[in-house]
Amino acid sequence: MNLAMVTRAIRRYVLIQDRPAYEELLQHLDTHQDVWKVPQGEVAAWWERRQTASLDLSIVQGGTLRISCPLGDSVVEIDGHDLRIPPFECSVSLDMPRGAVSVTYGYTGIHSDFVNEMLGHLGYGHLTPAPPGQHADIAEEHWTTVLETLRCSAVDNKRYEREGIDALRSLISEAHHRRGIPDLRLWSLPHRSGRPYRAAVSTRYDVDKAIVNLPAIHELEAKYGLRSTAYLRPMGLFYGPSEIRRYRKVSGENEAALHGEFVSTAERRFGDELTAARKEKEFLEEVICAEVRGVCMHGGELRTNTTSRTQSAIEAAGFKYETMYRNDYYFPLHLPTDQGVRKTLSIGQHFADVTVEPGPAFPMILARTFIDRFSQAAAEGGIFVPVMHPLYFGLARYLRHPINLLRLAAFVPKFVVTASRTKRGEQYSNRPE
């Protein structure tokens, strides 16, 4: 029997307290006037628009470069530090002729889709392939190794490594300067009323059990101008459609996404992961009468719902984004495949409440870690995604409802039996491919 798993579950129920730590984070964010505080769905929608946008560069008169962009709310970063709202003009050499200015690159490899993804990811959508036979501002041999390194990193680690990003940006910056213009790219975040956001926070809740705790959590967030994403289990053990509908009546502009259980529901009802992904998405959409754009995978009750097929099932089911990976990377990305890149956007998760050991110091440690991770994201204009569970905002509030006591009473014996069949050191009782 895996007694460690049982002991850990009990300690979490009794000792984890998220609210004081989260409130400290919210108070910290409130001291920054340039933080974007939105659900993951809005982050994904912005990123997809930014990903396909490009700057328009043209010399309008001698020594004047005009920079514009059709993307609403966009911000332009100049030479890695200044942020300005387009359209605007800057001074360049008087020798530059009037007309459009382009920065070109050479590439004849098999991963052209990844090249486009990488340029959009960094905000350099205005770079274009050099016509055949013409000189490229970035020669193919100068950047193919960097691109392949970044691609392999994304395949293996679900992120881009800083060393590769810096190397690629250096090559692109130098190409801009050789063309006689500053290094220009779309900033990672939008602006509000002409003020660029310098960082973003997009809180995620894994609603394994305590959906009844969410309204009080959203009230706390509203005091600080933050909206979040709740990942719901429409076919889970601890609440059903009626509780979800009741929650949605008071959830306001907070987002509902899917806490997927594809492996479990495939075994119980649907036969395979792809069908389970589609059916769970459709069922939650019917319950909330709205599109479900995002998904993360549920890993509770000593069962995993992630296999080598999960990412493909997510994409085939039509999800716009997923938040599956704790990758310590503060920007969304489209993960590469052998055929190109995935359509589903991948948004990383950066620190979870259950990562901290339960105990008296829990709120202090969690708050400090949240603030530290936010600072890391802010240092590069990134998006910090904390992960929490509503149950740990108030076990007493959850148990106040008799139906929840009955559900827990029915669940505990099953949990003990499952733990008894799980070997010491194992995290999950099932071992899907």
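Residues numbered from 1 in each chain as written. Predicted model: local features only at pLDDT ≥ 70, side-chain atom pairs only at ≥ 80, totals over all residues. Heavy atoms only, no water.

Caption draft 1: Region of the structure containing the sheet that holds strand β3 (residues 64–68). Read from one edge to the other, the open sheet built from four strands follows the order β6-β3-β2-β7, with strand pairing classed as antiparallel. At either margin of the open sheet sits one strand with a lone partner, and together these are β6 (88–91) and β7 (99–100). Here four bridges tie β3 to β6, and the two strands are oriented antiparallel to one another. Its bridge partner being in β6, Thr64 is matched across the sheet by Ser91. (Pairing = 2+ DSSP bridges. Helix = DSSP H or I, 4+ residues; strand = E, 2+ residues; numbered from the N terminus.)

Caption draft 2: Quick look at the nonpolar core. Residues Leu65 and Leu232 are the most contacted members of the largest nonpolar core, which totals 129 residues. With seven residues, helix α12 (residues 362–379) is the largest single contributor of residues to this core. (Core = buried A, V, L, I, M, F, W, Y, C linked by side-chain atoms within 4.5 Å. Buried < 20%, exposed > 50% of the residue type's maximum accessible area, 1.4 Å probe, protein only.)

Caption draft 3: Fine view of helix α6 (residues 162–178). With 17 residues, α6 ought to run about 24 Å at 1.5 Å a step, and its terminal C-alpha atoms sit 24 Å apart, in line with that. Inspection of α6 places Gly164, Ile165, Leu168, Arg169, Leu171, Ile172, Ser173, Ala175 and His176 among the buried residues, and these make up the whole buried set. At its buried positions, α6 is contacted by β4 (76–78), α4 (112–122), α5 (140–157) and β10 (184–186). Positive phi shows up at Gly180, right after α6, with a value of about 90°. (Expected span 1.5 Å × (residues − 1). Contact = heavy atoms within 4.5 Å.)

Caption draft 4: Quick look at the pattern of salt bridges. Tallied over the entire structure, the rule returns 21 salt bridges. The salt bridge involving Asp183 is made with Arg169; its shortest N-O contact spans 4.0 Å. Within this pair, whereas Asp183 is found in the loop between α6 and β10, its partner Arg169 is found in helix α6, the two being separated by 14 residues in sequence. By the burial criterion, Asp183 is buried, and Arg169 matches it. (Salt bridge = Lys/Arg side-chain N within 4 Å of Asp/Glu carboxyl O.)

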